[in-house]
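Observations on the three-dimensional arrangement
The residues making up each chain are set out below.
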Amino acid sequence: HQAVKGKVNITAKGEHVAGFEDGTFIYEMGSLAGVEYELIAAEDIYSSDGNGCLLYEKNTLVESLTTDDSGNASTTIDLPLGTYILHEHTPDNYMKCEDMTFSISSGDVAIEQCIGTTISKKIIKSFNIHNKIKEPTIETSAINVTSNSKTGKPTKQDIISDAIYYKNLVEGNT
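This report concerns the structure included in the present document. (Residues numbered from 1 in each chain as written. Predicted model: local features only at pLDDT ≥ 70, side-chain atom pairs only at ≥ 80, totals over all residues. Heavy atoms only, no water.)

**A closer look at the side chain of Thr-90**
We apply this condition: Each helix corresponds to a stretch of at least 4 residues labelled H or I by DSSP, and each strand to a stretch of at least 2 residues labelled E; elements are numbered beginning at the N terminus. N or O atoms within 3.5 Å of each other form a polar contact, as long as, within protein, one can give a hydrogen and the other can take it, and as long as residues adjacent in sequence are counted only when both atoms are side-chain atoms. Residue contacts are counted whenever heavy atoms from the two residues lie within 4.5 Å of one another.
Assignment of secondary structure puts Thr-90 in the loop between strand E8 (82–89) and strand E9 (100–104). Here Glu-88 takes part through its side chain, which lies 2.9 Å from a polar atom of the side chain of Thr-90. Side-chain polar atoms of Thr-90 contact the backbone nitrogen of Cys-97, separated by 3.2 Å. If we ignore the near neighbours within four places in the chain, the residues touching Thr-90 are Met-95, Lys-96, Cys-97 and Asn-131.

**Details of the sheet that holds E9**
For clarity, the cut-off: Between any two strands, at least two bridges found by DSSP are needed for them to pair. In this analysis, axes come from line fits to C-alpha atoms, helices being fitted only over the stretch in contact, and the angle between any two N-to-C directions falls in the range 0 to 180 degrees.
On the basis of which strands lie adjacent, the open sheet formed by four strands has the order E6-E3-E8-E9 and antiparallel pairing. Each edge of the open sheet is held by one strand with a lone partner, namely strand E6 (61–66) and E9. Between one strand axis and the next, the sheet turns through 25 degrees on average, direction left out of account. The pairing of strand E3 (residues 36–41) with E6 spans five bridges and is classified as antiparallel. Note on E6: the bridge partner recorded for Glu-38 is Ser-64.

**Looking at the environment of Glu-38**
Here Glu-38 is to be found in strand E3. Measuring from C-alpha to C-alpha, the distance between Glu-38 and Leu-61 comes to 6.8 Å, with 23 residues separating the pair along the chain. At 3.3 Å, the side chain of Glu-38 forms a polar contact with the side chain of His-89.

**Examining the side chain of Glu-15**
Cut-off, in case you're wondering: Exposure is judged per residue with a 1.4 Å probe applied to protein chains only, and the accessible area is read against the type maximum: over 50% gives exposed, under 20% gives buried, and values in between give partly exposed.
Topologically, Glu-15 is positioned in strand E1 (residues 5–21). Given the relative accessible area of 15%, Glu-15 is considered buried. Leaving out residues up to four positions away in the same chain, Glu-15 has contacts with Tyr-27, Glu-28, Met-29, Tyr-94, Asn-131, Lys-132 and Ile-133.

Now the structure itself:
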C-alpha cells in the first residue's frame, strides 16, 4: 500500500498598465514572474504510511516557491495528506492577496502516474491567482507652518508648506 501524496500548482496573473486614455488607466491581465509564495503547514502533519511520524509542525514552512517567466510555480516535493496555507509575498504595486488554506485529503481525486515501473497516486491542487494592481494616486496637503494671526485666519505673513505625495506610479509614457 503506497501513501497518496499531493502537489500544488500555481498560476499567477496580474493587471499591467497598458495605457492611459481620457484620464483613465487601461489595464491588461498578464503573467506575473518572480512572485514568491510560502507553503506552510496549517496543522501538525504526520506521515500516512502507518508509522505516524511527525513530518511538519503547525506553522512550519514546508516549501518556498517562486513563479517563472510564465507566472507558474509547482511544489518540488510530494506533500503528505494534511491542511496547508499558501501565503503570497505580494509585489509592492499590487493589492495584498489573502492567505489560502486548503487540504490534501484521502477523499480527493488522485491521478495515477507511472514513472518507470512505479505507479504513484497524486492529488493535484491548482491555484489561479489574479492580482489587482494598486491605483496610482497623487495627494497634496497644505500645512500652515507658522501663523501670525490671532483669529486663526491666514494672513499675508503666514508661511505655508505644501507636500505632494505620489503612490503606486508605474513606468511608462506620460
